[in-house]
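Overview (structure and organization)
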Amino acid sequence: MNWNQETKNRLNEKVAQNVQDVGSLVRHVVKTSRSSELLAQAAKNFSCQENVIHNSSESLKKMVTIKTQLEYQESAIERSMSTLSDIQEQLNSINR
């Protein structure tokens, strides 16, 4: 029994040591692969792009508003121009 218990204890110690060694190996691989750094950089780049997309969307909305305002101004100028030609005709008829 004593020998059997001692063997189990040594086996448990070996298994625990192997698990620790595997953990150290995984930490080393992750550390040297820089995958976490690359993932963090990718997330940072993505968040920057999200802000750019949002700003572009807001700029497009403003441009649509400006376009609409310019169309109204164009329409008002065209009406004024047609009125000017009528006034010019009236002035010409008065001067005769």
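Use the structure listed above.
Every chain is numbered independently, its residues counted from 1 as its sequence is written. Given that this is a predicted model, residues contribute local features only at a pLDDT of at least 70 and side-chain atom pairs are listed and counted only at 80 or more, while totals for whole chains, interfaces and linings are drawn from all residues. The side-chain numbers reported here are obtained from all heavy atoms of the structure, hydrogens and water having been left aside.

**Here's the deal with the overall build of the protein**
- Under the DSSP-based scheme used, a helix requires at least four consecutive residues in state H or I and a strand at least two consecutive residues in state E, with every element numbered from the N terminus. When its secondary structure is counted, the protein shows two helices and zero strands.
- Here the protein has a C-alpha radius of gyration of 40 Å; the compact-globule value for 96 residues is 12 Å, and the former is much larger.
- Counting across all 96 residues of the protein, residues that qualify as buried make up 0%.
- With 12 positive and 11 negative side-chain charges, the protein shows a separation of 13 Å between the mean positions of the two kinds. For the radius of gyration, the atom set is restricted to C-alpha positions; the globular benchmark scales as 2.2 Å times the number of residues to the power 0.38. Throughout, exposure labels follow a simple rule: accessible area from a 1.4 Å probe, protein chains only, divided by the maximum for the residue type, with under 20% read as buried, over 50% as exposed, and the rest as partly exposed. Only four residue types enter the charge count: Lys and Arg as positive, Asp and Glu as negative, with His and the chain ends excluded. A charged residue contributes its charge at one atom only: NZ of Lys, CZ of Arg, CG of Asp or CD of Glu.

**Remarks on a nonpolar patch on the surface**
- Patch members must show over 30% relative accessible area and no salt bridge, and they are joined within 9 Å when carrying like charges or within 5 Å when they are nonpolar side chains of Val, Leu, Ile, Met, Phe, Trp or Tyr. For every accessible area listed, the method is Shrake-Rupley and the probe measures 1.4 Å; residues are considered covered only by the protein chains on display. Here, a salt bridge means any side-chain nitrogen of Lys or Arg that lies within 4 Å of a carboxyl oxygen of Asp or Glu. A cluster of nonpolar side chains, namely Ile 77, Met 81, Leu 84, Ile 87, Leu 91 and Ile 94, defines an oily patch on the protein surface of about 600 Å² accessible area.
- By the element assignment, Ile 94 lies in helix α2 (residues 35-95).
- Judged by its relative accessible area of 64%, Ile 94 falls in the exposed class.

**Here we look at the pattern of salt bridges**
- Evaluated as defined, the whole model comprises three salt bridges.
- Note that Glu 6 is salt-bridged to Arg 10, the shortest N-O span being 3.4 Å. Here Arg 10 and Glu 6 lie together in helix α1 (residues 2-33), a separation of four residues that amounts to about one turn.
- By relative accessible area, which is 45% here, Arg 10 ends up partly exposed.

**Some points on α1**
- In this model, α1 (32 residues) spans 46 Å end to end at C-alpha, consistent with the 46 Å of a helix rising 1.5 Å per residue.
- One or two steps after α1, the chain reaches Arg 34, where phi turns positive at roughly 60°. The length a helix should cover is 1.5 Å for every residue beyond the first.

**Considerations on the environment of Ser 93**
- Residue position: Ser 93 is located in helix α2.
- Judged by its relative accessible area of 47%, Ser 93 is partly exposed.

**Some details on the environment of Val 30**
- As for its position among the elements, Val 30 is in helix α1.
- Take Val 30: its relative accessible area is 39%, and that puts it in the partly exposed class.
- In this structure, the C-alpha to C-alpha distance between Val 30 and Leu 60, residues 30 residues apart in sequence, is 43 Å.

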